[in-house]
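# Coordinates in review
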Amino acid sequence: MTRVLPPGLRATSVVAASSANLGPGFDSLGIALSLYDEIVIETTGSGLTVEVEGEGAGHLPLDETHLVVRAVRRGLQAVSVSASGMIVRCRNDIPHSRGLGSSAAAVVGGLSVVNGLAVQVGSPPLPQRDLVQLASEFEGHPDNASAAVLGGGVVAWTEGDDPAPRYEAASIRVHPDIHLFIAIPDERSSTAETRVLLPEKVSHSDARFNVSRAALMVVALTQRPDLLMAASEDVLHQPQRAAAMPASAEYLQVLRRCGVPAVLSGAGPSVLALSTSPELPDEAAEYGTANGFTVRRMTVGDGVQWAPGVVIQTG
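For the structure given in this document, a descriptive report is provided here. Since the structure is predicted, the reported quantities are computational estimates derived from the model, not experimental observations. Once a new chain begins, its residue numbering starts again from 1 and follows that chain's sequence as written. Predicted model: local features are reported for residues with pLDDT of at least 70 only, side-chain atom pairs are reported and counted for 80 or more only, and whole-chain, interface and lining totals are derived from all residues. Neither water nor hydrogens contribute to the side-chain values; these are computed over all heavy atoms in the structure.

## Topic: the pairing of strand S9 (residues 179-185)
For S9, the tally of buried residues reaches six of seven residues, placing the bulk of the element in the interior. Pairing analysis gives six bridges linking S9 to strand S12 (residues 293-298), with the strands arranged antiparallel. When the bridges of S12 are listed, Ala183 appears paired with Val295. The classification of residues rests on relative accessible area computed with a 1.4 Å probe and restricted to protein chains. Under 20% of the type maximum is buried, over 50% is exposed, and intermediate values are partly exposed. Starting at the N terminus, helices and strands are each numbered in turn, a helix being any DSSP run of H or I of at least four residues and a strand any DSSP run of E of at least two. Pairs of strands are assigned from DSSP output, requiring at least two bridges between the strands.

## So, helix H3 (residues 128-139)
Take the number of residues in a helix, subtract one, and multiply by 1.5 Å to get its expected span. Here H3 contains twelve residues, and its C-alpha end-to-end distance of 16 Å stays within 8% of the 16 Å for a straight helix at 1.5 Å per residue. Those residues of H3 not exposed but buried are Leu131, Val132, Gln133, Leu134, Ala135 and Ser136. It only takes one pair of heavy atoms within 4.5 Å for two residues to be counted as in contact. For H3, the elements touching its buried residues are helix H1 (67-78), helix H2 (102-118), helix H4 (143-150) and strand S8 (166-172). Just past H3, the residue Gly140 takes up positive phi, approximately 90 degrees.

## What about unusual backbone geometry?
Of the consecutive residues Gly268 and Pro269, the connecting peptide bond is found in the cis state with omega at 5 degrees. A positive phi is found at Ser97, a non-glycine position, where the angle reads about 55 degrees. Along the chain, Ser97 turns up in the loop between strand S6 (85-92) and H2. Taking the relative accessible area as the measure of exposure, Ser97 reaches 30% and is therefore partly exposed.

## A few points about the packing of aromatic side chains
Classification of ring pairs uses Phe, Tyr and Trp, with its six-membered ring standing for Trp, and accepts pairs whose centres are within 6.5 Å; under 30 degrees between planes counts as stacked, over 60 as edge-to-face, and the remaining range as tilted. Applying the stated criterion across every chain, the model contains two aromatic pairs. Measuring from ring centre to ring centre gives 5.5 Å for Tyr251 and Tyr287, while their planes differ by 25 degrees; the resulting arrangement is stacked. Separated by 36 residues along the polypeptide, Tyr251 in helix H9 (residues 246-257) and Tyr287 in helix H10 (residues 282-290) bring together distant segments of the chain. Among the aromatic side chains, those forming a connected cluster through ring pairs are Tyr251, Tyr287 and Phe293. Think of it as a cone above the ring: NZ of Lys or CZ of Arg counts as a charge over the ring if it is within 6 Å of the ring centre and within 35 degrees of the ring normal. A cation over an aromatic ring shows up here: Arg213 above the ring of Phe209, its NZ or CZ 4.1 Å from the ring centre.

## As for the packing of H9 against H10
The convention used is that axes are lines fitted to C-alpha atoms, helices contributing only their stretch in contact, and that angles between N-to-C directions extend from 0 to 180 degrees. Direction vectors running N to C along H9 and H10 enclose 165 degrees, while the axes themselves pass 9 Å from each other. As far as their axial angle goes, H10 and H9 are roughly antiparallel. Taken as a pair, H9 and H10 cross one another with a handedness that is right-handed. In this structure, H9 uses Glu250, Tyr251, Val254 and Leu255 to contact H10, whose residues at the interface are Ala284, Ala285, Tyr287 and Gly288. Under the grouping applied here, Gly and all other residues not named as nonpolar or charged are polar, the nonpolar ones being Ala, Val, Leu, Ile, Met, Phe, Trp, Tyr, Cys and Pro and the charged ones Asp, Glu, Lys and Arg. Grouping the constituent residues of the contact of H9 with H10 by class yields six nonpolar, one polar and one charged. Each angle is binned into one of four classes, with values under 35 degrees roughly parallel, values over 145 roughly antiparallel, values of 65 to 115 roughly perpendicular, and all other values oblique. Rotating anticlockwise by less than a right angle from the far helix to the near helix defines a left-handed crossing, while the corresponding clockwise rotation defines a right-handed one.

## What to know about helix H6 (residues 204-222)
The terminal C-alpha atoms of H6, which comprises 19 residues, lie 28 Å apart, in line with the 27 Å expected from a rise of 1.5 Å per residue. Residues of H6 that are buried include every one of Asn210, Ala214, Met217, Ala220 and Leu221, and no others. Looking straight down H6, one finds its buried side chains confined to an arc of 125 degrees; they lie on one side. Of the residues in H6, the exposed ones pointing more than 90 degrees away from the buried face are His204, Arg208 and Val211. In this context, the arc is that of the directions from the helix axis out to the C-beta atoms.

This is the structure:
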């Protein structure tokens, strides 16, 4: 039986950006980044109001098609409650269409903020596994979604086939000696646009190469950061996407020539460096600035946090 939420309930969620693939781990490896969006929701007697601050303000829809609203509706359905009306406030710091998991963050934030409402009327919150499942259904793959839910590093996989695959993920502890730098260009891209550049079939040798590097990446991330340069090699998606984002492809190579393990962040165009040094070499940092990249030092992000009626401090 669906319970209607009374007006005046308030809840908050805070959700991290994420970087997927990490080079060879296509649709399988991900890491949360210390860049966060916040969603605040309040129940009302009727209607829908959507407010957006920061990234996407003035460009995102302010109606039922907004991704956060769609996720909230799905979350309400999952916990068997409904709302006659809502005010949804989105405070966005995660850049959009840059390969930093902004859509996954919107979905995970929308789903999890429902937990803060549900507990106020005695309904059990959605557990992490359900958040991973529901968010991945929006995304079609669980790498960004599971990183946003769980925080830290993740290995994600899919069980079963369409129409109802099961999405799973396991956390991995990122070695404390690994320092993260994200280089964000002004240009945008979308996963849908760059995924069509990938071939339907790959050679046995390329598949073998990436399997070995993806396995090595897990070792490098957790135990042997000295192996990050070899572990971050990829032949399945980064070379194929290079022509669509030449500035990012070139900066990726500049970083690697400077001895910094670097990969495209998700489908790009941002570039993620995973370094054992707390600073980038001067040549690499100066090249990024001179070529339109905003280079930001990051730490490993936290898993999504939600609470009834309060603003959460995360970092």
